[in-house]
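Descriptive analysis of the structure
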Amino acid sequence: MQTMTSRAALPITAFACTLLIASCGDRAPRAARPVPESEVESATAKPGAAAPASPTATAPPRSFDRWLGQWIGVEGTFLRLAGGNGTYEVTIQDLDGPRTFSATAVDGKLQFERDGVRETLRETNGVETGMKWLAEKSNCLTIRPGEGFCRP
């Protein structure tokens, strides 16, 4: 008797599965009426709110003011960064004495010219300075491997 009940339920189950699968299939989306940009802007704008930034607008330049102050190198060397608000002076004390250079922000680094060579000052850790004496430091600035300065 159970076999007959199972056989009778089979066509109903197959029909229900077919409907379920058909309802989950891909459907073509309904065509939406294009909305002119002026309607979108007026519908989303809040009274007194500034217009949204254009896609071509650039982000404000990165501030290097948190780098201001003195950074310690090895054997009495240091780097001192002064200035602020986008205008910086880099003083480098090496074995030949201190020298000062004007620096500008370029691609997340400070750039300056020294002896006709464009140099960049970037944020690194001690290992990236390339100097074994600074390897365990974590807050450093590096000009190039072998010329780095860190904060304690």
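Think of each chain on its own: its residues are numbered from 1, step by step along the sequence as written. Owing to the predicted nature of the model, reporting of local features is limited to residues with pLDDT of at least 70; listing and counting of side-chain atom pairs is limited to 80 or more, with chain, interface and lining totals taken over all residues. Each side-chain value is worked out from all heavy atoms of the structure, with water and hydrogens disregarded.

**Comments concerning the environment of Leu-141**
Put simply, the rule reads: Helix numbering and strand numbering both begin at the N terminus, where a helix is a DSSP run of H or I of at least 4 residues and a strand a DSSP run of E of at least 2. It only takes one pair of heavy atoms within 4.5 Å for two residues to be counted as in contact.
Along the chain, the position of Leu-141 falls in strand β7 (residues 140-144). With residues near it in sequence (within four places) discarded, Leu-141 still touches Trp-67, Trp-71, Leu-79, Leu-121, Arg-122, Glu-123, Thr-124, Glu-147, Gly-148 and Phe-149.

**Focus on the confidence of the model for the chain**
For clarity, the cut-off: Each residue carries a pLDDT score, the predictor's own confidence in it, on a scale running from 0 to 100.
Per-residue confidence for the chain averages 75 on the pLDDT scale, and 59% of its residues sit at or above 70. Counting contacts from residues 16-47, a segment whose pLDDT is below 50, to residues more than four positions away or on other chains yields two contacts.

**Some words on the pattern of salt bridges**
For side chains bearing opposite charge, pairing can occur when the charged atoms are close. Worth spelling out the cut-off: The rule for a salt bridge is simple: a side-chain nitrogen of Lys or Arg has to be within 4 Å of a carboxyl oxygen of Asp or Glu. Exposure classes here rest on a 1.4 Å probe applied to the protein chains alone. A residue is buried below 20% of its type maximum, exposed above 50%, and partly exposed in between.
With the rule as written, the count across this model stands at six salt bridges. Between Arg-114 and Glu-119 there is a salt bridge; the shortest N-O distance is 3.2 Å. Look at Arg-114 and you get buried, because its relative accessible area is 9%. Judged by its relative accessible area of 6%, Glu-119 is buried. Between Glu-147 and Arg-114 there is a salt bridge, and its shortest N-O distance comes to 2.8 Å. Placement of the pair is Glu-147 in strand β8 (residues 147-150) and Arg-114 in strand β5 (residues 109-114), with a sequence separation of 33 residues. Residue Glu-147 shares its accessibility class with Arg-114, and that shared class is buried. Via salt bridges that share partners, Arg-114, Glu-119, Arg-144 and Glu-147 belong to a single interconnected network.

**Some thoughts on the pairing of strand β4 (residues 97-106)**
Basically, it comes down to this: A pair of strands is considered paired only if DSSP assigns at least 2 bridges between the two.
As judged from the seven bridges shared by strand β3 (residues 87-94) and β4, these two strands associate in the antiparallel manner. In the sheet register, Glu-89 faces β4, and the bridge partner there is Ser-102. Hairpin remark: β3 followed by β4, antiparallel, with two residues in the connecting loop. For β4 and β5, the ladder comprises three bridges, and the chain directions are antiparallel. Within the sheet, the bridge partner assigned to Thr-104 lies in β5 and is Gln-111. Where β4 folds back onto β5 in an antiparallel hairpin, the turn is made up of two residues, including Asp-107, whose phi is positive at roughly 50°.

**Describing the side chain of Thr-142**
Counted only if it meets this: In the analysis that follows, any N or O atom pair within 3.5 Å is treated as a polar contact, provided that within protein one partner can donate a hydrogen and the other can accept it, and provided that, for residues neighboring in sequence, both atoms belong to side chains.
In this structure, Thr-142 sits in strand β7. Within polar-contact distance, the side chain of Thr-142 engages the side chain of Thr-124 at 2.6 Å. In this structure, Thr-142 is in contact with Thr-120, Leu-121, Arg-122, Thr-124, Glu-128, Thr-129, Glu-147 and Gly-148, ignoring residues within four places of it in sequence.

**Focus on the nonpolar core**
Note the cut-off: Here, nonpolar core means buried Ala, Val, Leu, Ile, Met, Phe, Trp, Tyr and Cys residues that are tied together by side-chain atoms lying within 4.5 Å of each other.
Ranked by internal contacts, the top residues of the largest apolar core, which has 16 residues, are Trp-67, Leu-79, Val-90, Ile-92, Leu-110, Phe-112 and Leu-121. For this core, the elements supplying multiple residues, two or more each, are β2 (78-84), β3, β4, β5 and β7. Once you skip the residues sitting within four places of it in the chain, Val-90 turns out to touch Leu-79, Arg-80, Leu-81, Arg-99, Thr-100, Phe-101, Ala-103, Phe-112 and Leu-121. In terms of nonpolar packing, the next biggest core, distinct from the first, is built from five residues, Val-74, Met-131, Cys-140 and Cys-150 among them.

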